[in-house]
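Now for the letters of each chain:
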Amino acid sequence: MRQPAIFLSHGGGPCFWLEGPMARAFDGLKTHLAGLLDSLPERPRAILLVSAHWEEPRITLGAATAPGMIFDYYGFPEHTYRLSYPAPGAPDLAERARGLLAAAGVEAALDSTRGFDHGVFVPMLIADPGATIPIVPLSLREDLDPAFHIAVGAALEPLREEGVLILGSGSSYHNLRTFFDGEASAAAGFDAWLTEAATTPDAKARDALLEHWSAAPFARACHPREEHLLPLMVVAGAAGADVGRRIFHDSIAGKAISGFAFG
């Protein structure tokens, strides 16, 4: 069966393994992630996962057979640096994806040593705690050009027909300086715009809106730097003509957070 393309929030650092109010703020997201696989038409044979926490000069695919762990968060309790996610890699899928990108004129590289950063292992520890589904991480290109990343997703769309779930891991809101300030209007305004853009029925119109996301209301207040939004561009490109729908919405620390699926 054709797999969907999905954009999700991966929370904040190792949020699901913390204690106190901060951890409880992410309970709704945790429940959503725990039901992610059950929402699919069938269990995917592999996941191509675009992480907001990996940027390279050119698109790069993780091709390790047994990826290790990359603890790219700081200042959290010691036990959060002992998390393990031993899902297998899929070098054959990485090579297949690189071939699709090359056919579309997109230069891409393979990295046979790259492990799982927290944009990968944090949501996947909740979604597939048994770590049974092979995962290929996909980087962003460091220029963060939205049109380019939409084109990357479009090139990878055929993988969905091959049982591969294309998953974008970022966040619809990502301004750490204001996350806990109690002000909600900017996040709500941008979330309303983003939901309308992502669910626009016409694919060309949708992609045009997302390409010019920085002109949206409160755009830079919610994303001073857009690396957490760019996985959505890849996912929207991989959507093809499929119409988007919002599959997650919650207020986390007073900030509107949404997730979207296509197909």
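Residues numbered from 1 in each chain as written. Predicted model: local features only at pLDDT ≥ 70, side-chain atom pairs only at ≥ 80, totals over all residues. Heavy atoms only, no water.

Of regular secondary structure, the chain possesses nine helices and eight strands. Taken over the C-alpha trace, the chain has a radius of gyration of 17 Å; the compact-globule value for 263 residues is 18 Å, and the two agree within 12%. Along the first, second and third principal axes, the C-alpha set of the chain runs to 45 × 45 × 35 Å. Relative to its full complement of 263 residues, the chain shows a buried share of 56%. Split by element, the accessible area of the chain, about 10100 Å² in all, is 55% carbon and sulfur. Here the chain contributes 20 positive and 31 negative side-chain charges, whose respective centroids are spaced 1 Å apart. (Helix = DSSP H or I, 4+ residues; strand = E, 2+ residues; numbered from the N terminus. Rg over C-alpha atoms; globule rule 2.2 N^0.38 Å. Buried < 20%, exposed > 50% of the residue type's maximum accessible area, 1.4 Å probe, protein only. Areas by Shrake-Rupley, 256 points an atom, 1.4 Å probe, with all protein chains shown as cover. Lys, Arg positive; Asp, Glu negative; His and termini not counted. Charge placed at Lys NZ, Arg CZ, Asp CG, Glu CD.)

Moving on, we come to the side chain of Ser172. Within the secondary structure, Ser172 sits in the loop between strand S6 (164–170) and helix H6 (185–198). One polar contact links the side chain of Ser172 to the main-chain amide nitrogen of Ser258, over a distance of 2.9 Å. With residues up to four places along the chain from it excluded, the contact list for Ser172 reads Phe7, Phe190, Asp191, Leu194, His223, Ala256, Ile257 and Ser258. (Polar contact = N/O pair within 3.5 Å; in protein donor to acceptor, adjacent residues only side chain to side chain. Contact = heavy atoms within 4.5 Å.)

Take the pattern of salt bridges next. This structure, assessed with the given rule, holds 17 salt bridges. When the shortest N-O distance is used, the salt bridge between Arg160 and Asp242 registers 2.6 Å. Of this pair, Arg160 sits in the loop between helix H5 (146–156) and S6 while Asp242 sits in the loop between helix H9 (230–239) and strand S7 (244–252); the two residues are 82 residues apart in sequence, bridging distant segments of the chain. According to the relative accessible area criterion, Arg160 is buried, its value standing at 0%. In this structure, the salt-bridge partner of Glu227 is Arg225, at a minimum N-O distance of 3.3 Å. Here Arg225 falls in the partly exposed class, since its relative accessible area comes to 39%. A single salt-bridge network, built from bridges that share partners, covers Arg2, Glu157, Arg160, Glu161 and Asp242. (Salt bridge = Lys/Arg side-chain N within 4 Å of Asp/Glu carboxyl O.)

If you trace the backbone, Ala66 turns up in the loop between strand S3 (59–62) and helix H3 (91–103). Spatially, the C-alpha atom of Ala66 lies 9.7 Å from that of Pro91, the residues being 25 residues apart in sequence.

Here we take up the layout of surface pockets. Considered as a void within the structure, the largest pocket measures approximately 390 Å³ in volume. Around the largest pocket, the lining comprises 21 residues; the ones closest to its centre are Gly11, Gly12, Gly13, His174 and Leu176. When the residues that make up the lining of the largest pocket are grouped by side-chain class, the tally is 10 nonpolar, 10 polar and one charged. (1 Å grid on protein atoms, 1.4 Å probe; cavity = no way out; pocket = protein on both sides within 12 Å on 5 of 7 lines; lining within 4 Å. Points joined across faces, edges and corners; volume = space filled by probe spheres on them. Nonpolar A, V, L, I, M, F, W, Y, C, P; charged D, E, K, R; others polar.)

Attention shifts here to H6. With 14 residues, H6 should reach 20 Å at 1.5 Å per residue; the first-to-last C-alpha distance of 20 Å fits that figure. Three or more residues of H6 are buried, namely Ala186, Ala187, Phe190, Asp191, Trp193, Leu194, Thr195, Ala197 and Ala198. On its buried face, H6 sits against helix H7 (203–211), helix H8 (219–222), H9, S7 and strand S8 (255–262). (Expected span 1.5 Å × (residues − 1).)

Non-glycine residue Ala131 carries a positive phi angle of around 55 degrees. Mapped onto the secondary structure, Ala131 falls in the loop between helix H4 (118–127) and strand S5 (135–141). You will see that Leu144, though not glycine, has its phi angle at about 55 degrees, which is positive. Inspection of the secondary structure assignment puts Leu144 in the loop between S5 and H5. Here Leu144 falls in the buried class, since its relative accessible area comes to 6%.

Before going further, it helps to spend a moment on the packing of H3 against H5. Closest axis-to-axis distance for the H3/H5 pair is 8 Å, and the angle between their directions is 115 degrees. The handedness of the crossing between H3 and H5 comes out as right-handed. Taking contact as the criterion, the partners of Ala97, Leu100 and Leu101 in H3 are, on H5, Val152, Ala155 and Leu156. (Axes fitted to C-alpha atoms, helices over the stretch in contact; angles between N-to-C directions. Left-handed = near helix turned anticlockwise from the far one by under 90°.)

This brings us to the pairing of S7. In regular strands, side chains alternate between the two faces of the sheet. As judged from the eight bridges shared by S7 and S8, these two strands associate in the antiparallel manner. Within S8, the residue paired with Asp250 across the bridge is Ile257. Taken together, S7 and the strand that follows it, S8, pair antiparallel across an intervening segment of two residues, in which Ala253 is found at a positive phi of about 55 degrees. (Pairing = 2+ DSSP bridges.)

Before going further, it helps to examine the packing of aromatic side chains. Tallied over the entire structure, the rule returns 13 aromatic pairs. Following the ring pairs from residue to residue traces out a cluster consisting of Phe71, Tyr73, Phe76, Tyr81 and Phe121. (Phe/Tyr/Trp six-rings, centres within 6.5 Å; stacked < 30°, edge-to-face > 60°.)

Taking every second residue as pointing to the same face, both faces of S3 are buried, with Ile59 and Leu61 on one and Thr60 and Gly62 on the other. In the sheet, S3 pairs with strand S4 (residues 108–111) via four bridges, with the strands oriented parallel. Looking across to S4, one finds that Thr60 is bridged to Ala109. Between S3 and its parallel partner S4, the chain crosses via H3, and the hand of that crossover is right-handed. (Right-handed = clockwise from strand over helix to strand, strands pointing away.)

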